[in-house]
Amino acid sequence: MLKEKTYLTSEKPRNAHISRVKTYKTPAGPLFLRTCCTPSFVEGLKVDNGLRAFARLPEREHNLLLSIAQQPENRLTLAYTAEGTIVGQATLAPLDSWWQDISNAYEIAVEVSSSWRKLGIAHQLLTLALQFESLEEYLILGLGLSWHWDYVGLGISPFHYRELIARLFATHGFTEYLTSEPNIRMDPANILVARLGNRLAEESINRFFQRLLQSDTLPGL
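Every residue gets a number counted from 1 within its own chain, in the order that chain's sequence is written. In keeping with the model being predicted, local features are shown solely for residues with a pLDDT of at least 70 and side-chain atom pairs are shown and tallied solely at 80 or more, while totals for entire chains, interfaces and linings include all residues. Heavy atoms throughout the structure, all of them, feed into the side-chain values; hydrogens and water do not.

A. The overall build of the protein, seen in detail. A run of H or I in DSSP counts as a helix once it spans at least four residues, and a run of E counts as a strand once it spans at least two, with each numbered from the N terminus. Summing up its helical and strand segments, the protein has seven helices and 10 strands in all. Note on definitions: a residue-residue contact is assigned when non-hydrogen atoms from the two residues lie within 4.5 Å. Contacts in the protein between residues at least 24 apart in sequence constitute 60% of all its contacts with a sequence separation of at least 6. Areas reported here follow the Shrake-Rupley algorithm with a probe of radius 1.4 Å; residue values treat only the protein chains shown as occluding. When the accessible surface of the protein is totalled, it reaches about 11,400 Å², and 51% of it is carbon and sulfur.

Below is the structure:
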């Protein structure tokens, strides 16, 4: 890391967040990492051709990131070049309907362009995205779904990719949990990791563990 700057975003004053920018040196060139990216900032960037895990095409990926930034409850962290090309992203967003009855709960997703792999970018994105004062009051889930993974491009199996995800998130305080959540159950390679803050309300903790193995279709759950 070379330097860090902090400043207050002004696009949505009622939901303002402190935005931080860091410079990260890589063998492929320096990158900028910025938290709490606003829609106008995202609009001024383009997406690297290798960033396509969630939307398949760079243009659609750019639209997806823009829609994420437009929701005040989301927190979007980007890694981008000096030329304004996005090569990685980490998103914090409210959990979907399966988990929505849990207070102070978010889902985190991270993605790095296939052209910028093995440079530690995912670790840097997660580190920055999880640097906020109230972190320990939150439950944060990571849902690893194999159909988003480019394990073929890496020349590894989906289960090896799963291990990489588990190790990456473990360094940030996440633990793997078994669950009956429908999306995770669709493929044995899928994985759920969670970070329970040390100030997370007991009610949220109890609801989390109740939801882990709750099911309307599995007998006895």
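B. Local environment of the pairing of strand β3 (residues 31-34). Two strands are counted as paired when DSSP detects at least two bridges linking them. Note: strand β2 (residues 18-24) against β3, four bridges, orientation antiparallel. Bridge pairing links K22 to L33 in β3. Turn length for the β2-β3 hairpin, with the two strands adjacent in sequence and antiparallel, is six residues, and the turn residue G29 shows positive phi of about 125°. Of the pairings in the sheet, the one linking β3 to strand β5 (residues 75-80) comprises three bridges and is antiparallel in character.

C. Molecular detail of the pattern of salt bridges. A side-chain nitrogen of Lys or Arg and a carboxyl oxygen of Asp or Glu constitute a salt bridge if their distance falls within 4 Å. Summed over the entire model, instances satisfying the criterion amount to five salt bridges. As a salt-bridge pair, E136 and R195 come within 2.7 Å of each other at their nearest N and O atoms. Taken together, the residues E136 in the loop between α3 (121-129) and β8 (139-144) and R195 in strand β10 (residues 191-196) connect sequence positions 59 residues apart. Neither residue differs from the other here; E136 and R195 are each classed as buried. The partner of R162 in a salt bridge is E176, with the nearest N and O atoms 2.7 Å apart. Any residue under 20% of the maximum accessible area for its type is buried, any over 50% is exposed, and the rest in between are partly exposed; the area is computed with a 1.4 Å probe on protein chains only.

D. Fine view of unusual backbone geometry. One non-glycine residue, C36, lies in the positive phi region at around 50°. Here C36 is to be found in the loop between β3 and α1 (39-43). With a phi close to 60°, K118 is a non-glycine residue in the positive phi region. Within the secondary structure layout, K118 lies in the loop between β7 (105-112) and α3. Since its relative accessible area comes to 79%, K118 is described here as exposed.

E. Fine view of the environment of I165. Along the polypeptide, I165 turns up in helix α5 (residues 158-170). Looking at I165, the relative accessible area reads 14%, which means it is buried. When the C-alpha atoms of I165 and G144 are compared, they prove to be 7.6 Å apart, with 21 residues separating the residues in sequence. Apart from residues lying up to four places away in sequence, I165 is in contact with W149 and I191.

F. Representation of the nonpolar core in the model. Within this scheme, the nonpolar core is defined by two criteria: the residues are buried Ala, Val, Leu, Ile, Met, Phe, Trp, Tyr or Cys, and they are joined through side-chain atoms within 4.5 Å. Judged by nonpolar contacts, the single largest core of 30 residues is most densely connected at I108, I121, I140 and F169. Counting only elements with at least two residues in this core, the list comes to β3, β6 (85-94), β7, α3, α5 and β10. At six residues, α3 tops the list of elements feeding residues into this core. Excluding its chain neighbours within four sequence positions, the residues that come into contact with I140 are L92, Y106, I108, L130, F132, L135, F174, V193, A194 and R195.

G. Representation of the environment of L125 in the model. In this fold, L125 is placed in helix α3. Expressed as a C-alpha distance, the spacing of L125 and R34, which sit 91 residues apart in the sequence, is 8.8 Å. Discounting residues that sit within four places of it in the chain, L125 has contacts with L33, T77, L78, A79, G88, Q89, A90, V110, E111 and V112.

H. Just the side chain of H62, in detail. Here H62 is to be found in helix α2 (residues 58-69). What makes H62 buried here is its relative accessible area of 14%. If sequence neighbours within four positions are ignored, H62 has contacts with V42, E43, L45, K46 and V47.

I. Molecular detail of α3. In terms of burial, α3 is a largely internal element, seven of the nine residues being buried. Every buried residue belonging to α3 is among I121, A122, Q124, L125, L126, L128 and A129, and all of these are buried. Buried positions along α3 lie against β2, β3, β5, β6, β7 and α5.

J. Summary view of helix α7 (residues 202-212). Residues of α7 that are buried: S204, F208, R211 and L212. Along the axis of α7, the buried positions cluster into a sector of 105°, meaning they face one direction only. Exposed side chains of α7 directed beyond 90 degrees from the buried face belong to E202, E203 and Q210. Buried positions along α7 lie against β8 and β10. Taken from the helix axis, the directions to the C-beta atoms give the arc we talk about.

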